[in-house]
Structure formats: structure tokens, C-alpha cells
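Analysis of the macromolecular model
If you want the building blocks of each chain, they are given just below.
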Amino acid sequence: MTQVNIHEPQTGRQANNVSVSAIADAIGPWFADIAGCQKVREAIIALQDEQRRDEAMRYLGIVLSPAT
């Protein structure tokens, strides 16, 4: 998966056609009000690691799908 669509169901936010390497940059502003939380920062960074991505997505409440 090199390009993804990101959706946050709770707020309806979405970002489309985002490079996997740019996920953290794309969603960072969504969590700006709680960016001081270490677990949130770690989860955002973990999204770039395929082995940790599912857990990070669950923690942040976001959904990634392949961009078409």
C-alpha cells in the first residue's frame, strides 16, 4: 500500500491519496489538541510501520484504505 485514504469516522475527517510515508503529516493536525499526549504521538508515528499500523489505527480511531 503506497497511497491510502484516511478516514476518521467520529468526526468525518478524511484525507485521500496520501503516501504512507506522509500519514503522520496528514493527520497530525487532527490531533493537535491532544498532541501533548505521548501515546497519541507514538500512535501517529507507528502508522508508518506496517507491523504496528493496525494497533495504532485502533488507538486513534482511524481507518486506512487503499487509494484508488
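We now turn to the structure provided with this report. In this text the structure is predicted, and so the values were computed from the model without any measurement.

A closer look at the sheet that holds strand β2 (residues 13-19)
Strand pairing in a sheet is mediated by backbone hydrogen bonds. Such pairs are either parallel or antiparallel. Strand order across the open sheet formed by 3 strands is β2-β1-β3, with antiparallel pairing between neighbours. Of all strands in the sheet, those with a lone pairing partner are β2 and β3 (63-66), marking the two edges. On average, each strand axis in the sheet is tilted by 20° relative to the strand beside it, whichever way the strands run. When strand β1 (residues 3-8) meets β2, the two strands line up antiparallel, connected through 5 bridges. Along β2, the bridge assignment pairs I6 with A15.

Reading the values: the criteria
Residues numbered from 1 in each chain as written. Predicted model: local features only at pLDDT ≥ 70, side-chain atom pairs only at ≥ 80, totals over all residues. Heavy atoms only, no water. Pairing = 2+ DSSP bridges. Helix = DSSP H or I, 4+ residues; strand = E, 2+ residues; numbered from the N terminus. Axes fitted to C-alpha atoms, helices over the stretch in contact; angles between N-to-C directions.

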